[in-house]
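Listed below, chain by chain, are the residues.
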Amino acid sequence: MKKLVESSGVEVAFREVDVVTTGTFGAMCSSGAIINVGHSDPPIKIEKAWINDVPICHPGAAVDLYIGATIMAERQSFEYGGGHVIEDLVGGKEVEFKATAYGTDCYPRTQANTRLTKDDLNQFYLLNFRNCYQRYNCAVNGRDETIYTYMGKLLPRLKNATFSGAGELNPLMNDPDYETIGIGTRIFLGGTQGYVIGEGTQHDPKNRFGTIMVRGDAKKMSPEFLRGAAFTRYGTTLYVGLGIPIPILNEGLAKKTAIRDEEIFTSVVDYGVPRMGRPKLAQVSYKELKSGKITVGDRRIRVSSLSSLKTARKIAGTLKSWITQGEFFLTAPVERLPVDSVFKPMRQTEETPFVANVMQEAVTCNESEEVQAIAERIVTRSVNHIVVVDGDGKLTGIVTSWDITRALAQGKTALADIVTRRVVTAKFNEPLETASKRMAQHNISALPVINNEKKVLGIVTAEDVSKLLGR
Amino acid sequence: MVRILLRFPENIVEAPITSQIILELKVPINIITAHVDAKGGEVLVEVPDESLKKVVKAFRKRGATVNIPKLIEIDSEKCISCGACITLCPVEAITKDEDATVVFNQEKCLGSTCSACVDACPARAIKSVKQNSTELTNNNAH
């Protein structure tokens, strides 16, 4: 479609093409499966259940369960989780099932242990409440240490970037006004035919962050298009293969499905900042993202994909062959996806403290001062930490009352000999919780608060944190 | 070229062993990675195939242990060709071809001394494995 519109124009493309198929294969955490395991004799009203050591939610009646993709195994957490359970069941493997209950007059049993395959389940339906993000952020890390996120492993100081999504191949990107997608749209899901059952959670159409909720018969799915995955220090998830056929009902759709990667932009976001409103550092197109390198300011940064373009292409191709062979029939939606809903942040009735709330003025000195002078300042100002700054007020080091005591005991007089130069710092807009965790991690009791230019804005101490908690 | 992993115990870590061997044997030894501190050192080097035996012998004579480094292997069955590993490789040993398939160049790979890609793989398809070495393990017996 893309080439045809370019070479022959929208009119010709509209006449020639009936359907454009799309596809995506990426980590979709808000996924899971409804299962019904059948009744045991005597019957049990399950209170808690596990499959292969992964806790399974029990949201309904006696033996209806939901396997959440992100729930992790109790012993092998972070490596095996609900996503892997779904993949194993889909692949025909036998799984260990365990359940406990409090026992009632009608459901007397309190324990059940058995082994199950998908054939033993009455229903096994994939039921994903948010899939197929139209596009997604590109992630980088501005911090000084490597961080592990749901966007993968991010190296310090913007040394790499990651992104997700199929760009021009993404289903919702090809029908951005949801003219053909809605409740009842038949789709490719996990290797078989499934359905859109509505908008996904956090559906944000105005910002081009649309999502869908989907359902499909997992018994007919294939592990090629449904894969359990583990993100180090983040947790487990499920890679979901999803494709939507877009019928070319009008010239507008011919034009929209001709969308190119260079026309789809997303933000480069600093995941090193532990806030909801993470700073956006640049705009990049999916063409740049797929090229392997992006530009942020004057820097070229290598970028990795977290979703599989190879599998996304295979999905679009498979869907095309199903349609041409008459195995797949397109459906008109019963109700279209909303185009004007908004995605609200959480209403917070309790305030979360930030560094700025407890930060105090820092007592400073410069490096040319003598140990004796610093000792006096510690006494007169009654502090334990003196922040060392240069002429512009920028951080160069820190000394503690302990450093000074030791220096005096050893007869040292030059401050430069005892300054700690690798200083662990905080930002004024970071949550107090992350700053206090950092203090504990490094076994220290204060963090100078600095801005991006390393200028000292204040200091936050362990005492300030405990005062706040004890309030 | 063959890669070997040298370990220098604490008592000899300060001796200029590698340079002595280079000068004595007149063999180019290429240092790929090195982690050295007062407690000892671990150095990954590359030596020409034909000089492997005498280089290994020379290092062992001076008290270093010589091993075949563990290699990084990608299980193609498990790999979903996402490419999450690509930017973590410091020597660009992992790339994507035109077909969007992830391609791994084992010759470029630094092996398990690096391992930066291993914990970045969501499919857990990357493992460090022992190389099937013949020559060196045979020599170990001596």
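Residues numbered from 1 in each chain as written. Chains lettered and ligands numbered in written order. Predicted model: local features only at pLDDT ≥ 70, side-chain atom pairs only at ≥ 80, totals over all residues.

A. Representation of the overall build of chain B. Counting its regular elements, chain B contains three helices and eight strands. The helix and strand sequence of chain B, counted from the amino end, reads β-α-β-β-α-β-β-β-β-β-α. The buried share of chain B, taken over its 142 residues, is 30%. A sequence separation of at least 24 residues applies to 70% of the contacts in chain B between residues at least 6 apart. (Helix = DSSP H or I, 4+ residues; strand = E, 2+ residues; numbered from the N terminus. Buried ≥ 20, exposed ≤ 12 C-beta atoms within 10 Å, placed from the backbone. Contact = placed C-beta atoms within 7 Å.)

B. Here's a closer look at the nonpolar core. In terms of nonpolar packing, the biggest core is built from 115 residues, with A:Ile86, A:Cys138, A:Ala161, B:Cys85 and B:Cys117 touching the most fellow members. Ranked by the residues each element gives to this core, the list is headed by helix H5 (residues 309–324) of chain A, at five residues. The contacts of B:Cys85, once residues within four sequence positions are left out, are B:Ile94, B:Cys117, B:Ala120, B:Cys121 and B:Ile126. (Core = buried A, V, L, I, M, F, W, Y, C linked by C-beta atoms within 7 Å.)

C. Representation of the domain arrangement of chain B in the model. All names here are of chain B. Under the domain assignment, chain B is made up of domain 1 (2–67) and domain 2 (71–129). Each of domain 1 and domain 2 has a C-alpha centre, and the two are 27 Å apart. If you look at the interface, domain 1 gives six residues, while domain 2 gives four residues. If you list the elements that add at least two residues to the side of domain 1 that touches domain 2, you get strand E1 (2–9), strand E2 (30–37) and strand E3 (40–47). (Domains from an automatic or database assignment.)

D. Inspection of the interface of chain A and chain B at higher detail. Contacts between the two partners involve 22 residues from chain A and, on the opposite side, 16 residues from chain B. Contributing elements (two or more residues each) for the side of chain A that touches chain B: strand E12 (152–154), strand E18 (226–231), strand E24 (299–305) and H5 of chain A. When grouped by side-chain class, the residues that make up the side of chain A that touches chain B number eight nonpolar, nine polar and five charged. (Nonpolar A, V, L, I, M, F, W, Y, C, P; charged D, E, K, R; others polar.)

E. Structural context of the sheet that holds strand E4 (residues 48–51) of chain A. Residue and element names in this part refer to chain A. In spatial order, the strands read E5-E4-E7-E8; together these four strands make up an open sheet with antiparallel pairing. With partners counted over all chains shown, the strands left at the sheet margins are strand E5 (54–56) and strand E8 (111–116), one partner each. Recorded for the sheet is a direction-independent mean angle of 25 degrees between the axes of neighbouring strands. In this structure, strand E7 (residues 95–100) lies alongside E8, joined through six bridges in antiparallel fashion. Paired with Phe 97 across the two strands is Thr 114, which belongs to E8. (Pairing = 2+ DSSP bridges. Axes fitted to C-alpha atoms, helices over the stretch in contact; angles between N-to-C directions.)

F. How the structure looks around the packing of helix H1 (residues 17–25) of chain B against helix H2 (residues 52–61) of chain B. Residues and elements named next belong to chain B. Close contact between H1 and H2 brings their axes to 10 Å; oriented N to C, the two are set at 135 degrees. Between H1 and H2, the angle is such that the two are oblique. The way H1 lies across H2 gives a crossing that is right-handed. Contact residues: H1 offers Ile 21, Glu 24 and Leu 25, while H2 offers Lys 54, Val 55, Ala 58 and Phe 59. Of the residues assigned to the contact of H1 with H2, the class counts are five nonpolar, no polar and two charged. (Parallel < 35°, antiparallel > 145°, perpendicular 65-115°, else oblique. Left-handed = near helix turned anticlockwise from the far one by under 90°.)

G. Here's a closer look at unusual backbone geometry. Residue and element names in this part refer to chain A. Cis geometry is adopted by the peptide bond preceding Pro 42, which originates at Asp 41 and carries an omega value of -5 degrees. Its location among the elements puts Pro 42 in the loop between strand E3 (32–36) and E4. With a phi angle near 60 degrees, Gln 202 is a residue other than glycine that sits in the positive phi range. For Gln 202, the location among the structural elements is in the loop between strand E16 (192–199) and strand E17 (212–217). For Gln 202, a count of 15 C-beta atoms within 10 Å corresponds to the partly exposed category. Of note, Arg 208 is a non-glycine position whose phi angle comes to about 60 degrees, a positive value. Residue position: Arg 208 is located in the loop between E16 and E17.

H. Structural view of the sheet that holds E1(B). Residue and element names in this part refer to chain B. If you walk across this open sheet you meet the four strands as E2-E3-E1-E4, and the pairing is antiparallel. Looking at strand neighbours, the two that pair on one side only are E2 and strand E4 (65–67), the edges of this open sheet. The mean inter-strand angle of the sheet, taken between neighbouring strand axes irrespective of direction, is 15 degrees.

I. Expanded view of the domain arrangement of chain A. According to the domain assignment, chain A consists of domain 1 (1–134 + 143–261 + 306–347) and domain 2 (355–469). One C-alpha centre belongs to domain 1 of chain A, the other to domain 2 of chain A, and the line joining them spans 49 Å.

J. Looking closely at the pairing of strand E30 (residues 456–461) of chain A. One ladder, built from five bridges, connects strand E29 (residues 446–450) of chain A with E30(A); its direction is antiparallel. Note on E30(A): the bridge partner recorded for A:Pro448 is A:Ile459.

K. Highlighting the environment of A:Lys310. Mapped onto the elements, A:Lys310 comes out in helix H5. Separated by 281 residues in the primary sequence, A:Lys310 and A:Cys29 have C-alpha atoms spaced 20 Å apart. Here A:Lys310 is in contact with B:Ser81, B:Asp99, B:Ala100 and B:Thr101, once residues within four sequence places are set aside.

L. Geometry of the environment of A:Asn131. All names here are of chain A. Mapped onto the secondary structure, Asn 131 falls in strand E9 (residues 123–131). The exposure class assigned to Asn 131 is buried, which follows from the 26 C-beta atoms found within 10 Å. Separated by 103 residues in the primary sequence, Asn 131 and Met 28 place their C-alpha atoms 5.9 Å from one another.

M. Representation of the packing of helix H7 (residues 371–381) of chain A against helix H8 (residues 401–410) of chain A within the structure. Residues and elements named next belong to chain A. Where H7 contacts H8, the axes come no closer than 10 Å and their chain directions differ by 135 degrees. In this view, H7 runs oblique relative to H8, as classed from their interaxial angle. In the crossing of H7 with H8, the sense of the turn from one axis to the other is left-handed. Here Val 371, Ile 374, Ala 375 and Ile 378 of H7 lie close against H8, whose contacting residues are Ser 401, Ile 404, Ala 407 and Leu 408.

N. Highlighting the environment of A:Leu408. Residues and elements named next belong to chain A. Along the polypeptide, Leu 408 turns up in helix H8. For Leu 408, a count of 14 C-beta atoms within 10 Å translates into the label partly exposed. Distance from Leu 408 to Ala 375, taken between C-alpha atoms, is 8.8 Å for residues 33 residues apart in sequence. If near-sequence neighbours (up to four positions away) are discounted, Leu 408 is found in contact with Val 371 and Ala 375.

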